[in-house]
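Overview (structure and organization)
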Amino acid sequence: MRVIGITGWSGAGKTTLIKRIIPRLIGRGLSVSTVKHAHHGFDVDHPGKDSYAHRVAGATEVLVSSPLRVALMQELRGAPEPELHALLTRLSPVDLVLVEGFKREPHPKLEVHRGVVGKPYLFPGDADIVAIASDGEVADGAVTVLPLDDLQAIVDLLVERAIPIDEAIARGRAAAGVA
């Protein structure tokens, strides 16, 4: 298993890019999983569903299974949000894990940048950014810059620059001060 991140400001097109590159990665014969950070609360289930009733009643975890998918919901109930290194240990084996968000975590990342968002580049403030995919010119030539619409080059770079999951977990644990 290898890991690489897709980072950038909200509205930059991270999710759109990921939706476009996953089929290309699968087309190369790779299995792909994603880890997505949400800055806000979210719900997987809804009022009126049994799983929702279990959660509201106080269940710490609710595992829902069907012939099509399995979903595990874990209520934090005031506990701290798990860090990326802990979340990575929960994944089933795949060839490549794409991490969306988690911009402050220490794993290699492709920064997605669009001028219309009006935000500065995260690079060079983040030494883990290995390349930038942008819809415009990037003045600093310290990292690889790819056109945002060059999906083939982006996929090549992601596969090339991804690191083994054990290394990503070790980096995260070290940054968090966890032995």
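Residues numbered from 1 in each chain as written. Predicted model: local features only at pLDDT ≥ 70, side-chain atom pairs only at ≥ 80, totals over all residues. Heavy atoms only, no water.

Under the annotation held in an unreviewed UniProt entry, the chain carries the name Molybdopterin-guanine dinucleotide biosynthesis protein B and is attributed to Rhodoplanes azumiensis.

**A word on the overall build of the chain**
For clarity, the cut-off: To qualify as a helix, a DSSP run of H or I must reach at least 4 residues; to qualify as a strand, a run of E must reach at least 2; elements of each kind are numbered from the N terminus. Each residue is placed in one exposure class: buried if its accessible area under a 1.4 Å probe, protein chains only, is under 20% of its type's maximum, exposed if it is over 50%, and partly exposed if it falls in between. By definition in these notes, contact holds between two residues if any of their heavy atoms fall within 4.5 Å. Note on areas: Shrake-Rupley, 1.4 Å probe, and residue coverage restricted to the protein chains presented here. In summary, the charge assignment counts Lys and Arg as positive and Asp and Glu as negative, without counting His or the chain termini. Here the site of a charge means atom NZ of a Lys, CZ of an Arg, CG of an Asp or CD of a Glu.
Helices and strands together make up the secondary structure of the chain, namely five helices and nine strands. C-alpha extents for the chain along the principal axes are approximately 55 × 35 × 35 Å. Expressed as a percentage of its 179 residues, the buried residues of the chain come to 38%. Across the chain, contacts joining residues at least 24 apart in sequence account for 56% of those joining residues at least 6 apart. Surface exposure of the chain reaches about 10,300 Å², of which carbon and sulfur atoms provide 54%. Here the chain contributes 20 positively and 22 negatively charged side chains, and the mean placements of these two sets differ by 3 Å.

**Considerations on helix α1 (residues 14-27)**
Helical periodicity: at 3.6 residues per turn, an α-helix aligns residues three or four positions apart in one direction. Here is the rule: To estimate how far a helix should reach, multiply one less than its number of residues by 1.5 Å. We define the bend at any residue as the angle between the axes fitted to the seven residues before and including it, ending there, and the seven starting there.
Here α1 spans 20 Å end to end across 14 residues, near enough to the 20 Å set by a 1.5 Å rise per residue. A bend of about 25 degrees at Ile-21 is the largest found in α1, and the proline Pro-23 appears one to four places after it. Looking at α1, one finds that the buried residues are Lys-14, Leu-17, Ile-18, Ile-21 and Leu-25. Looking at the buried side of α1, the elements it contacts are β1 (2-7), β2 (32-36), β5 (96-100), β6 (109-113) and α4 (151-161). Once α1 ends, the next one or two residues include Gly-29, with phi positive near 90 degrees.

**Overview of the packing of α1 against α4**
As a reminder of what qualifies: Axis lines are fitted through C-alpha atoms, for helices just across the contact stretch, and the angle between N-to-C directions can take any value from 0 to 180 degrees. By the definition adopted for this analysis, an angle is roughly parallel if under 35 degrees, roughly antiparallel if over 145, roughly perpendicular if from 65 to 115, and oblique otherwise. Three classes are used: nonpolar for Ala, Val, Leu, Ile, Met, Phe, Trp, Tyr, Cys and Pro, charged for Asp, Glu, Lys and Arg, and polar for all others, with Gly counted as polar.
For the pair α1 and α4, interaxial distance at closest approach is 10 Å and the crossing angle is 75 degrees. Here α4 runs roughly perpendicular to α1, going by the angle between their axes. Contact residues: α1 offers Leu-17, Arg-20, Ile-21, Arg-24 and Leu-25, while α4 offers Leu-151, Gln-152, Ile-154, Val-155, Leu-158 and Val-159. Grouping the constituent residues of the contact of α1 with α4 by class yields eight nonpolar, one polar and two charged.

**Describing the packing of aromatic side chains**
Under the convention used in this document: Note on aromatic contacts: the rings of Phe and Tyr and the six-membered ring of Trp form a pair at centre separations within 6.5 Å, being stacked when their planes are under 30 degrees apart, edge-to-face when over 60 apart, and tilted otherwise. A ring is considered to have a charge above it if a Lys NZ or an Arg CZ atom is located within 6 Å of its centre and within 35 degrees of its normal.
Applying the stated criterion across every chain, the model contains zero aromatic pairs. We note Lys-119 situated over the ring of Trp-9; from NZ or CZ to the ring centre the distance is 5.0 Å.

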